[in-house]
Amino acid sequence: MTWQILMTSYLILGTAAFLLRRHLATTLEKHNRLINGFFFLAILYPLGLIVALSSNSNFAISWQNLLILLIGSGVFPVINLLAFRASKDVDAGLYTILNNLTPIITIVTASILLNETLNNQQQLGAIIVIASTFFIASPRLRRHSNSSSNGLTFAVISVSLLGLAIVYERWMLTRIDFGTYLVYGWGAQTLWMTIVAWPERHNLKILKDRSKLVPILWYGITNAFKGLCFVGALKLSGNASLVGATASFMAVLVVMSAYFVLKEKEWLWFKIGAATMGTVGLIILSLA
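Residues numbered from 1 in each chain as written. Predicted model: local features only at pLDDT ≥ 70, side-chain atom pairs only at ≥ 80, totals over all residues. Heavy atoms only, no water.

**Q** Help me understand the overall build of the protein, please; the structure alone is not making it clear to me.
**A** Along the backbone of the protein there are 13 helices and zero strands. Among the 288 residues that make up the protein, the fraction classed as buried is 54%. Relative to all contacts within the protein whose residues are 6 or more apart in sequence, the contacts with residues 24 or more apart total 90%. About 12,900 Å² of surface is accessible on the protein, with carbon and sulfur atoms providing 68% of the total. (Helix = DSSP H or I, 4+ residues; strand = E, 2+ residues; numbered from the N terminus. Buried < 20%, exposed > 50% of the residue type's maximum accessible area, 1.4 Å probe, protein only. Contact = heavy atoms within 4.5 Å. Areas by Shrake-Rupley, 256 points an atom, 1.4 Å probe, with all protein chains shown as cover.)

Here is the structure:
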């Protein structure tokens, strides 16, 4: 399976997760830690273990790598909690504008720390994809200029940390194999998230309500498989900058999906133009 197929799956699953997170953040914001704790402990890590055990990986790991994983993995629960909180005040469309910071931070950081570069064709594709996200989101930015300052702050911190986290994951995948990362890396993430969510365990009763359980489950499932596809694409592509730039096309998908799912019909031609532009950029990236 090529990295392009994994990234296509990532974009589709990520779009669904974006919309589900927006719904949960506006209806169950006070259960932020519980929902994300449930996601890591009950869905993400079990999925990682299943995939790892079927990958014939060598699970031996040095104490140095284990310590690095334990320390570095703490950023992922923080990213999820901040993104969930930001989604309470910042709608999915506006969040995609801020999410455009992620590939930029990834490309800059990867070039400095990992000496990764994009060839001329890849640079052109990356520029077109990132530009398409700004193009589709620009009218929404003007319309939502009064969004909560706290929500915007949380969103900016979250997407900035994500840009750094992508480079960290790519670096770790040069030190340990894919299955080992799922066992120890995702295990460390789950440990930190469980510690953070533990004080909220008395609220597990909300899962007895089917109207709350179903969207929480779908949010967890789409997020878990999205994460699996992303880590797989990082491993197969061998280039964090390339994967980060491709991931930015999700902004176009989110806004286009909002047109059909949320009936947001304004700026239709902006959306069509951005979708076309982003598709051209992805084709250039994939053929490079």
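**Q** Would you mind going over the pattern of salt bridges with me for this structure?
**A** Oppositely charged side chains are able to pair whenever their charged atoms sit close together. Within the structure shown, the criterion is met by three salt bridges. The residue Glu29 makes a salt bridge to Arg85 at a minimum N-O spacing of 3.8 Å. Remark: Arg85 occurs in helix H4 (residues 75–89) and Glu29 occurs in the loop between helix H1 (3–27) and helix H2 (32–53); sequence separation between them is 56 residues. (Salt bridge = Lys/Arg side-chain N within 4 Å of Asp/Glu carboxyl O.)

**Q** Sorry, what's going on with the environment of Ala17 here?
**A** Within the secondary structure layout, Ala17 lies in helix H1. Under the relative-accessibility criterion, Ala17 is labelled buried at 4%. On a C-alpha basis, the gap between Ala17 and Lys226 in space is 8.4 Å, while along the polypeptide they are 209 residues apart. Excluding anything up to four places from it in sequence, Ala17 contacts Tyr219, Thr222 and Asn223.

**Q** Sorry if this is basic, but what is going on with the environment of Val90 here?
**A** In this structure, Val90 sits in the loop between H4 and helix H5 (92–99). A C-alpha to C-alpha distance of 8.0 Å links Val90 and Ala155, two positions 65 residues apart in sequence. In this view, Val90 contacts Arg22, Tyr95, Gly151 and Leu152; residues no more than four positions away in its chain are not counted.

**Q** Help me understand the packing of aromatic side chains, please; the structure alone is not making it clear to me.
**A** Each pair of aromatic rings is reported with the distance of its centres and the angle of its planes. All chains considered together, the criterion is met by five aromatic pairs. Note on Phe76 and Tyr168: the rings are 6.3 Å apart at their centroids and 45 degrees apart in plane angle, and the pair reads as tilted. Of the two residues, Phe76 sits in helix H4 while Tyr168 sits in helix H8 (residues 149–172), which places them 92 residues apart along the sequence. Of the two residues examined, Phe76 and Tyr168, each falls in the buried class. With a centroid separation of 6.2 Å and an interplanar angle of 70 degrees, the aromatic rings of Phe84 and Tyr219 are classed as edge-to-face. Of this pair, Phe84 sits in helix H4 while Tyr219 sits in helix H10 (residues 210–237); the two residues are 135 residues apart in sequence, bridging distant segments of the chain. Of the residues examined, Phe84 reaches a relative accessible area of 0% and is grouped as buried. (Phe/Tyr/Trp six-rings, centres within 6.5 Å; stacked < 30°, edge-to-face > 60°.)

**Q** Please explain the nonpolar core as it appears in this structure.
**A** Soluble, globular proteins show a tendency: their nonpolar side chains are buried together. Within the largest apolar cluster, 68 residues are counted, with the highest numbers of intra-cluster contacts made by Met7, Tyr10, Tyr95, Tyr181, Trp186, Ile216 and Phe230. Counting only elements with at least two residues in this core, the list comes to H1, H2, H4, H8, helix H9 (178–197), H10, helix H11 (240–247) and helix H12 (250–261). Top element by residues in this core is H2. It accounts for ten residues. Excluding its chain neighbours within four sequence positions, the residues that come into contact with Met7 are Phe230, Ala233, Val243, Thr246 and Ala247. (Core = buried A, V, L, I, M, F, W, Y, C linked by side-chain atoms within 4.5 Å.)

**Q** Looking at this structure, I do not really get the environment of Tyr95. What am I missing?
**A** Summarising the element assignment, Tyr95 is placed in helix H5. Sequence separation between Tyr95 and Val156 is 61 residues; the distance between their C-alpha atoms is 9.0 Å. Not counting the four nearest positions on each side in its chain, Tyr95 is found in contact with Phe18, Arg21, Ala83, Ala86, Ser87, Val90, Ala155, Ser158 and Val159.

**Q** Explain the side chain of Asn203 to me, please; I cannot follow it from the model alone.
**A** Structurally, Asn203 can be placed in the loop between H9 and H10. Excluding its chain neighbours within four sequence positions, the residues that come into contact with Asn203 are His31 and Leu34.

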